[in-house]
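# Structural overview for review
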Amino acid sequence: MVPNSKFLNQSNRFWAYVRAISEKFGYTRRNTSRVSAPTESEVMQAVGDLGLSGSDIKFEDKLTSRGHLLIEYFHYRADTLNNQVKGMLMDAEEARALFQDTRARLNPKCPLPMNKQKAEKRAEAYLTCLVNMLIESAIGERSCDYDPRKLTKVTDGSQLLSTLSRRVDGAFPSTVNPIAIWEIKEYYYTTTFGSRVADGVYETLLDGMELRDLRVDEGIHVNHYLMVDSYRTWWSDGRSYLCRILDMMHMGYVDEVVFGREVIDRIPILASEWREQLEALPS
């Protein structure tokens, strides 16, 4: 899922309204299983409830161009999640079947890690394994760190420019001067939407903020991706966090979010692009 270019490069004020209005009216309506979008009157009411004039998004009883853009974004976000993302998310059985089919087709040599569950829930980490297999198939014999156990670092060849605060889930070709890094959030066996899942979203936001600083300060862009799956966790329990993820992507903190079964089509394309970027670098 790539961002809609119309909503990129919006000001911090724009996203301040997105968050405040979403908090006021919620991301979903009560007794529904869909993401909702606030109406024009609700947007204007939110401004009033905040005790603000809101002259940048409304004038008297009419919305300004920025106000209409807010409405358009809310409807875009709801439509994208309800009609695209929802259908991409898998449960454990669907993910297992896709993993098994892909493993049989690709015969991978890359790491296929296990999840952290116990007893009958102990199995391969399906989404992580899918990502690893599909990257390996696209990059061939080229190096890739499928399980980084060190912090990501960016240098200019002689000076250290940036060190991220957290270890990521994957880096190509390595954690030193990577072309791409990614986080994987698969929660097939999570029974409640707890703080661990919410923290996963904010961890990716932190990475994105640090990468933005690197881009602004040094002019270096590291491709940053988030892969998520689990219908129950993200859709049944966590639709509000899917909204936050789309917001984060359009704020420029993540280049792309790959949802569930979408990995089959998108990861080979992305990994091929990374390979071409690597090959274009001076030797």
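Definitions and limits used
Residues numbered from 1 in each chain as written. Predicted model: local features only at pLDDT ≥ 70, side-chain atom pairs only at ≥ 80, totals over all residues. Heavy atoms only, no water. Disulfide = S-S within 2.5 Å. Patch = residues over 30% accessible without salt bridge, like charges linked within 9 Å, V, L, I, M, F, W, Y side chains within 5 Å. Areas by Shrake-Rupley, 256 points an atom, 1.4 Å probe, with all protein chains shown as cover. Salt bridge = Lys/Arg side-chain N within 4 Å of Asp/Glu carboxyl O. Lys, Arg positive; Asp, Glu negative; His and termini not counted. Charge placed at Lys NZ, Arg CZ, Asp CG, Glu CD. Helix = DSSP H or I, 4+ residues; strand = E, 2+ residues; numbered from the N terminus. Buried < 20%, exposed > 50% of the residue type's maximum accessible area, 1.4 Å probe, protein only. Phe/Tyr/Trp six-rings, centres within 6.5 Å; stacked < 30°, edge-to-face > 60°. Lys NZ or Arg CZ within 6 Å of the ring centre and 35° of its normal.

## A few points about the state of the cysteines
- Tallied over the full model, the rule gives 0 disulfides.
- C144 takes part in no disulfide bond, and the closest cysteine sulfur, belonging to C110, lies 8.8 Å away.

## Here we look at a negative patch on the surface
- On the surface, D156, D213, D217 and E218 cluster together into a negatively charged patch.
- Within the secondary structure layout, D156 lies in the loop between β3 (153–155) and β4 (160–163).
- With relative accessibility at 48%, the residue D156 sits in the partly exposed group.

## Points about the packing of aromatic side chains
- Within this structure, the stated rule accounts for 14 aromatic pairs.
- Here the aromatic rings of F14 and Y73 are separated by 6.2 Å at their centres, their planes lie at 70°, and the arrangement is edge-to-face. Residue F14 is located in helix α1 (residues 12–25), and its partner Y73 is located in helix α3 (residues 65–88); the two are separated by 59 residues in the primary sequence.
- Judged by relative accessible area, which is 0%, Y73 ranks as buried.
- Looking at R239, its charged tip hangs above the ring of W235, at a distance of 5.7 Å from the centre.

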